[in-house]
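Commentary on secondary and tertiary structure
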Amino acid sequence: MILELDCGNSFIKWRVLRADGVTTVDGGVVSSDSDLLVSLSNAEKFQLKKCRLVSVRTPEETDSLVASLVDAYGVSVTRAMPAREMAGVKNGYQDYERLGLDRWLALLGGFHLASGACLVLDFGTAITADFVAADGEHLGGFICPGMPLMRNQLRTHTRRIRYDDMAAERAHESLAPGRTTVEAVERGCMLMLRGFVLTQLELAQQYWGKDFVVFLTGGDANLVSGVVPDARVVPDLVFVGLAMACPLS
Ligand SMILES: Nc1ncnc2c1ncn2[C@@H]1O[C@H](COP(=O)(O)OP(=O)(O)O)[C@@H](O)[C@H]1O
Ligand SMILES: CC(C)(COP(=O)(O)O)[C@@H](O)C(=O)NCCC(=O)O
Ligand SMILES: [K+]
């Protein structure tokens, strides 16, 4: 079977596919290399042969994870690499190697699924937007802090903003002006997130009219799915691109 990994800044998303590369057998989200090894510890039953991965971590961190996987399972590991052009998509960065590999794979996957112009919005540690035109030209994108970063910056850099996760969850019952600190902060950050999304939609409409597909992916995609009812929520969009960038054998 095949192990697939998407190593983000906060979490490692993993899944195991049958050798056909189509059927998912198991998967999950873990916060460290050691938790991944624990999750895979019953992996004997998976009989892992191959692994493909994408990482936006440092080369040292990724090398260390790869070494543990080779050591534990003897898998052969293929890593997604930067490319100027792939599957009809042209990387839009001045320096193509600088575009985050998770963004690159998500937009490869998006363009493939849309068969046309698309806007890919990824809600992870950072929030990213990427624009791909119908001819496969990647126009570039935007990066801003994700929800956990926004709230943690306020909690860290102010003296009177302090609240716990339970209170934060309750604050999201509505988007009315907050009457407590937790409501004011949580709803304020949520409105920034929604405002960002709506601005991206406006820009895509300016470029392409109605002729484009919006993809939402990343751990916090559900926070905004209500603002873009026509969007396609594809939690495994990075894996769609990973399969394209790292085909089997
Ligand atoms: N099962 C889960 N485990 C961890 N985080 C989750 C899970 N489901 C949703 N999330 C949310 O996803 C966010 C992280 O998104 P993710 O796309 O994994 O980020 P990254 O790729 O930067 O590591 C977290 O801030 C959290 O709010
Ligand atoms: C923008 C990102 C931090 C997003 O990472 P994530 O939130 O998925 O962990 C990552 O794609 C990255 O490190 N990119 C390199 C910089 C760039 O894309 O311009
Ligand atoms: K990500």
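Predicted, not measured: the structure shown is a model, and the values here were computed from it. (Residues numbered from 1 in each chain as written. Chains lettered and ligands numbered in written order. Predicted model: local features only at pLDDT ≥ 70, side-chain atom pairs only at ≥ 80, totals over all residues. Heavy atoms only, no water.)

1. A look at the UniProt feature "binding site: ATP" (unreviewed entry) in the chain
Those places that UniProt annotates as "binding site: ATP" (unreviewed entry) correspond, in this numbering, to Asp6, Cys7, Gly8, Asn9, Ser10, Phe11, Ile12, Lys13 and Thr125. In sequence the annotated residues extend across 120 residues, while in space they remain close, none of their C-alpha pairs exceeding 13.2 Å. Within the secondary structure layout, Cys7 lies in strand β1 (residues 2-7). Among all residues touching Cys7, those that are not within four sequence positions of it are Ile12, Val54, Ser55, Val56, Arg57 and Leu65. If you trace the backbone, Phe11 turns up in the loop between β1 and β2 (12-17). Taking the relative accessible area as the measure of exposure, Phe11 reaches 41% and is therefore partly exposed. (UniProt positions renumbered as here; feature names shortened; annotations may be inferred. Helix = DSSP H or I, 4+ residues; strand = E, 2+ residues; numbered from the N terminus. Contact = heavy atoms within 4.5 Å. Buried < 20%, exposed > 50% of the residue type's maximum accessible area, 1.4 Å probe, protein only.)

2. A short note on the domain arrangement of the chain
Taken as a whole, the chain is organised into domain 1 (1-78) and domain 2 (85-144 + 186-242). Listed per partner, the contact involves 13 residues of domain 1 and 8 residues of domain 2. Roughly 850 Å² of surface becomes buried between domain 1 and domain 2 when both sides are summed, with 67% attributable to carbon and sulfur atoms. At the surface where domain 1 touches domain 2, the tally comes to 1 salt bridge. (Domains from an automatic or database assignment. Buried area = accessible area lost by both parts, 1.4 Å probe. Salt bridge = Lys/Arg side-chain N within 4 Å of Asp/Glu carboxyl O.)

3. As for the site of ligand 1
Neighbouring residues of ligand 1: 13 residues in total, closest Ser10, Phe11, Lys13, Thr125 and Asp220. A distance of 2.8 Å separates an oxygen atom of ligand 1 from a polar atom in the backbone of Phe11. Contact distances for ligand 1 include 2.5 Å between an oxygen atom and a side-chain N or O atom of Thr125. Within the complex, the protein chains bury 67% of what would otherwise be the 570 Å² of accessible surface of ligand 1. Residue composition of the shell around ligand 1, by class: 4 nonpolar, 7 polar and 2 charged. Two domains each put at least three residues into the shell around ligand 1: domain 1 (1-78) and domain 2 (85-144 + 186-242). (Near = heavy atom within 4 Å. Polar contact = N/O pair within 3.5 Å; in protein donor to acceptor, adjacent residues only side chain to side chain. Areas by Shrake-Rupley, 256 points an atom, 1.4 Å probe, with all protein chains shown as cover. Nonpolar A, V, L, I, M, F, W, Y, C, P; charged D, E, K, R; others polar.)

4. A short note on the site of ligand 2
Within the structure, ligand 2 sits among 14 residues, and Asn9, Tyr93, Asp102, Arg103 and Ala126 are positioned closest to it. Within the side chain of Tyr93, a nitrogen or oxygen atom sits 2.5 Å from an oxygen atom of ligand 2. At a separation of 3.2 Å, an oxygen atom of ligand 2 approaches a polar backbone atom of Thr125. Protein burial of ligand 2: of its 470 Å² of free accessible surface, 77% is covered by the chains. When residues of the shell around ligand 2 are traced back to their parent elements, those giving at least two are α3 (101-114) and β9 (126-132). Partitioning the shell around ligand 2 into residue classes produces 5 nonpolar, 6 polar and 3 charged.

5. Here's the deal with the packing of aromatic side chains
On inspection of all chains with the given rule, the structure shows 5 aromatic pairs. Measuring from ring centre to ring centre gives 5.7 Å for Tyr207 and Trp208, while their planes differ by 40 degrees; the resulting arrangement is tilted. Judged by relative accessible area, Tyr207 falls into the partly exposed class, the value being 46%. In this structure Trp208 comes out as buried when scored by relative accessible area, which is 16%. Here the aromatic residues Phe131, Phe142, Tyr207, Trp208 and Phe212 are joined through ring pairs into a cluster of three or more. The ring of Tyr163 carries the charged tip of Arg155 above its face, separated from the ring centre by 4.7 Å. (Phe/Tyr/Trp six-rings, centres within 6.5 Å; stacked < 30°, edge-to-face > 60°. Lys NZ or Arg CZ within 6 Å of the ring centre and 35° of its normal.)

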